[in-house]
Amino acid sequence: MKKIPIIKIGLLCMLLFSFSKSNNDDNIIAKNERIKLAGTGFKFTEGPAVNSKGQVYFTDQPNDKIHIWDEKKGISLYLDGTKRSNGMYFNANQRLVSCADENNQLVYFDENKKLHVIHENYEGKHLNAPNDLWIAPNGGIYFTDPYYHREWWNKNHSELQDTHGVYYLNSNGKISRVINDFKKPNGIIGTPDGKIIYVADIEDNKIWKYTIEPDGNLSNKTFFAPHGSDGMTIDNKGNVYLTSGKIWVYNSKGELIKEIETPEKPSNLCFGGKKRNLLFITARTSVYTLKMKVKGVD
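These numbers come from a predicted model, not from an experiment.

Draft legend 1. Molecular detail of the environment of Lys65. Within the fold, Lys65 resides in strand E4 (residues 65-70). When the C-alpha atoms of Lys65 and Thr163 are compared, they prove to be 29 Å apart, with 98 residues separating the residues in sequence. Those residues in contact with Lys65, other than ones at most four positions away along the chain, are Phe58, Thr59, Asp60, Leu77, Leu79, Asp80 and Thr82.

Draft legend 2. Layout of the sheet that holds strand E17 (residues 218-225). Reading across from one edge, E14-E15-E16-E17 is the order of the 4 strands in this open sheet, with antiparallel pairing throughout. The open sheet has two edge strands with one neighbour each: strand E14 (185-190) and E17. Averaged over all pairs of adjacent strands, the angle between strand axes in this sheet comes to 25 degrees, irrespective of strand direction. Note: strand E15 (residues 196-201) against strand E16 (residues 206-212), 6 bridges, orientation antiparallel. In the strand pairing of E16, Ile196 is matched with Thr211.

Draft legend 3. Seen up close, the packing of aromatic side chains. Tallying each qualifying case throughout the model produces 15 aromatic pairs. Ring centres of Phe224 and Tyr250 lie 6.0 Å apart, and the angle between their planes is 55 degrees; this geometry places the pair in the tilted category. Here Phe224, found in strand E17, pairs with Tyr250, found in strand E20 (residues 246-250); they are 26 residues apart in sequence, far enough to count as distant. What makes Phe224 buried here is its relative accessible area of 5%. When its relative accessible area of 6% is taken as the criterion, Tyr250 is described as buried. Counting every residue linked through ring pairs, the aromatic cluster contains Phe42, Phe58, Trp69 and Phe280. Residue placement shows Lys184 over the ring face of Tyr148; its charged tip is 4.5 Å from the ring centre.

Conventions adopted
Residues numbered from 1 in each chain as written. Predicted model: local features only at pLDDT ≥ 70, side-chain atom pairs only at ≥ 80, totals over all residues. Heavy atoms only, no water. Helix = DSSP H or I, 4+ residues; strand = E, 2+ residues; numbered from the N terminus. Contact = heavy atoms within 4.5 Å. Pairing = 2+ DSSP bridges. Axes fitted to C-alpha atoms, helices over the stretch in contact; angles between N-to-C directions. Phe/Tyr/Trp six-rings, centres within 6.5 Å; stacked < 30°, edge-to-face > 60°. Buried < 20%, exposed > 50% of the residue type's maximum accessible area, 1.4 Å probe, protein only. Lys NZ or Arg CZ within 6 Å of the ring centre and 35° of its normal.

The structure is reproduced here in structure tokens:
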């Protein structure tokens, strides 16, 4: 029998280990599953947020509407007239919190769908246009505030803030600017333990990772991924999902593990369904779902 050199055996083992690791890392989509159309006919879908039942609320901002997707019942209208809601998130009390940029505010909707203002203005001047948000376990709200001029603003509306910032509103209602060096912040998501937050600088095509300090401030700014992202979510394995032309999935080490092509360019995403194993994707005129092996943590 011909002997195989030890060095070749070692190399073969390394290759097999590498393949196994890669194959395991990107094994996040359920077997034989493909992206499915959940609904279409919208103008621009955004802001998906999942409630405790696994239903996903999403916005059609140009039409000023919020819709609800249910994995059994499909899509229904939640509210017509939302103050131009964009990014949304459910808080611990299951109130739907929204970035409503008609009047540059953070708001929430109560059980009767009545709108309540949580916060507006910074240092006596209106915000640019709250875009996306994430609510930390302690109830504090992080939100991005880029400037996109909206057609529904009056002709005299102007940009008053001196930067496109990221803000933190603590549970006592005190606001502070925690990022002031981005070109244009957009997507934002944090880990369920409240220790790490990821923020997209969409104009600079970069994702940055920060440590969340006890007082809500951010430290240890670290480059995470070479993409801008309109929206983001995270799964129970710590993988971060980005939307930039398609869906890019990075593990917590910043390694790309999956690319997911979508029929339309995705704007945002979250995990929905009763088991939180359906990736819900907002993409321009439509919304889509994809069954996953991993689950959401929102």
